[in-house]
Amino acid sequence: MALQEAEEDRQVARHTVRGIIAAATKRQAAASESLANRAEKIAAVAAAHAAAVDSNSCFPSEAIDAARAARLLSAAVPVEFGGEGAKLSEIVDVCYRLGRSCASTAMIYAMHQTKVACVVRHGVASAWHQRMLRRLCNEQILLASSTTEGKAGGDVRNSAAPIERRDQRIALKRQATVISYGEAADGIVTTARRAADAASSDQVLVVFLKDDYTLTKLSGWDAFGMRGTCGEGFALDALGSAEQILPASYDKIHAHTMLPVAHLVWSGVWAGIAAAAVERARAFVRKAHGGSGAMPAGATHLTRASASLRTLRNLINASLQRFEAAASDPAALEAIDFQTAMAMHKVSASELAVATVMSAMQAAGIAGYRNDSEFSIGRQLRDILSSPIMISNDRIMANVAAATLLGSTPTSLRD
Ligand SMILES: Cc1cc2nc3c(=O)[nH]c(=O)nc-3n(C[C@H](O)[C@H](O)[C@H](O)COP(=O)(O)OP(=O)(O)OC[C@H]3O[C@@H](n4cnc5c(N)ncnc54)[C@H](O)[C@@H]3O)c2cc1C
């Protein structure tokens, strides 16, 4: 019996060692190929499943599994914790590449990366979050986001449910109206009121891993577009340790990271969707032109679509440069002008993306409007229409209205 147990132990040890070697080999293989190349491969997987993900409104598990295998989920984690230390501009480029294939896959990747950025930029002083980042790299953990609560819509800077503390333990019970891929995620990063007696705007950000919480479904997700994000509503019931709360207060995290990073990665996804629509419109106009020799009537709309896509890409690159220049300077990040620019980046990017897809649809005419055509732009149009409502543009513009009054008109074009 003892001999048999010893042999079983040896076998378990052998499998464990093989697992460690396999993980290390995968890590080396992933590191030897550029992030852009790996993103293109995942985009191909996402493209193959995009129509089914959309029609069945299901989580894009093939693409996310492929992203895990290529270690894309940990790309932005610093090297010292097992990641690649990718810059935000590289991550936004991955979002763009994925967005051209499957908007839901791209948006899931973008939301995950926003949460990773919050932990990396505000959690590295905490031993718990350091351990979590190592686990994220080793296990390719997928993080979801919970900010929307009850009937408060996109009011991210106020929370209703408080953190309850018992010694070093914490509890949170939250009516989370939308948690994209809540069931598929390995963890949820959520805002919460700091304590029962705190103001609604006195918030913290907490990381709960799957073993820490239960989700009870409150609503399904049969949406117009972005159907694979699976943004169901849940009652979130979480228990954890006080160490899981990020050390910085949420107002800092929001201004320094959450708002700019979310808006930049989302806009990368939207530019990818817009690019896919322009590609289809161009293919349609080329075919029509080749057939008759004359430019089709809708060609002017393709000109407009291409031009607004170029403006969108320029806008994103300019905002990324601005963020990366300010990223480690708290005063620059908190400056009213910077905050207004990052808030309005979302409004402008979403408006440009919608306009681009609409122009592409007009260029392709009925061939773009049909679902059963090789030039169909229906999915892209439905997906892109989520962009103005994903934190409503109206709410954002109302929030920055006061700051706009404080500004002055530049005297030079170069200011
Ligand atoms: C694809 C997708 C994925 C999402 N994933 C998540 C997720 O994972 N986690 C999460 O927490 N949330 C998620 N959300 C929710 C999102 O973050 C917002 O909370 C939600 O889109 C806002 O919902 P609402 O329209 O009810 O909001 P509200 O902001 O309440 O807006 C409702 C209406 O009021 C108008 N309005 C609001 N404020 C003003 C104002 N000040 N002035 C004038 N009009 C105003 C708006 O234009 C809108 O018509 C997701 C949303 C989408 C579209």
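Residues numbered from 1 in each chain as written. Predicted model: local features only at pLDDT ≥ 70, side-chain atom pairs only at ≥ 80, totals over all residues. Heavy atoms only, no water.

When pLDDT is averaged across the protein chain, the result is 93; 93% of the residues are at 70 or more. Below pLDDT 50 for its whole length, residues 12–22 participates in one contact with residues either more than four positions away or in separate chains. (pLDDT = per-residue confidence, 0-100. Contact = heavy atoms within 4.5 Å.)

Here we take up the site of the ligand. The full set close to the ligand counts 18 residues, and Thr147, Thr148, Ser180, Asp394 and Arg395 are the nearest of them. Residue serine 145 places a main-chain N or O atom 2.8 Å away from a nitrogen atom belonging to the ligand. At a separation of 2.8 Å, an oxygen atom of the ligand approaches a polar backbone atom of threonine 147. Contributions of two or more residues to the shell around the ligand are made by β1 (143–146), β3 (169–179) and α13 (393–406). Sorting elements by how many residues they give to the shell around the ligand places α13 first, with three residues. A class-by-class count of the residues in the shell around the ligand yields eight nonpolar, eight polar and two charged. (Near = heavy atom within 4 Å. Polar contact = N/O pair within 3.5 Å; in protein donor to acceptor, adjacent residues only side chain to side chain. Helix = DSSP H or I, 4+ residues; strand = E, 2+ residues; numbered from the N terminus. Nonpolar A, V, L, I, M, F, W, Y, C, P; charged D, E, K, R; others polar.)

Moving on: the sheet that holds strand β4 (residues 187–193). In a beta sheet, neighbouring strands pair by backbone hydrogen bonds and run either parallel or antiparallel. The mixed open sheet is built from three strands, whose spatial order is β1-β4-β5. The open sheet has two edge strands with one neighbour each: β1 and β5 (203–209). Between one strand axis and the next, the sheet turns by 25 degrees as a mean value, whatever way the strands run. With four bridges joining them, β1 and β4 adopt parallel strand pairing. (Pairing = 2+ DSSP bridges. Axes fitted to C-alpha atoms, helices over the stretch in contact; angles between N-to-C directions.)

With that settled, the discussion passes to the sheet that holds strand β6 (residues 213–219). Across the sheet, which stays open at both edges, the four strands sit in the order β2-β3-β7-β6 with antiparallel pairing between neighbours. Edge positions in the sheet fall to β2 (164–166) and β6, since each of these pairs with one other strand and no more. Neighbour-to-neighbour, the strand axes of this sheet turn through a mean angle of 20 degrees, independent of strand direction. Pairing between β2 and β3: three bridges, direction antiparallel. Across the sheet, the residue bridging to arginine 166 is arginine 169, located in β3.

Taken as a whole and judged by the stated rule, the model has 19 salt bridges. The shortest N-O distance in the salt bridge between glutamate 149 and arginine 174 comes to 3.3 Å. Of this pair, glutamate 149 sits in the loop between β1 and β2 while arginine 174 sits in strand β3, and the two are 25 residues apart along the sequence. For the pair glutamate 149 and arginine 174, one class covers both residues: buried. Taking the shortest distance from any N to any O, the salt bridge between lysine 252 and glutamate 334 comes out at 3.3 Å. Here lysine 252 is found in helix α7 (residues 250–292), whereas its partner glutamate 334 is found in helix α9 (residues 330–334), with 82 residues between them in sequence. With a relative accessible area of 35%, glutamate 334 lands in the partly exposed category. (Salt bridge = Lys/Arg side-chain N within 4 Å of Asp/Glu carboxyl O. Buried < 20%, exposed > 50% of the residue type's maximum accessible area, 1.4 Å probe, protein only.)

For the rest of this paragraph, the subject is the packing of aromatic side chains. The tally for this structure, following the rule as stated, stands at three aromatic pairs. Measuring from centroid to centroid gives 6.4 Å for phenylalanine 59 and tyrosine 181, while their planes differ by 40 degrees, and the two rings are tilted. Here tyrosine 181 lies in the loop between β3 and β4 and phenylalanine 59 lies in the loop between α2 (35–56) and α3 (61–69), a separation of 122 residues in the sequence. Each of the two residues, phenylalanine 59 as well as tyrosine 181, counts as buried. Aromatic pair phenylalanine 284 and phenylalanine 375: ring centres 5.5 Å apart, planes at 75 degrees, arrangement edge-to-face. Residue phenylalanine 284 is located in helix α7, and its partner phenylalanine 375 is located in the loop between α11 (366–369) and α12 (378–384); the two are separated by 91 residues in the primary sequence. (Phe/Tyr/Trp six-rings, centres within 6.5 Å; stacked < 30°, edge-to-face > 60°.)

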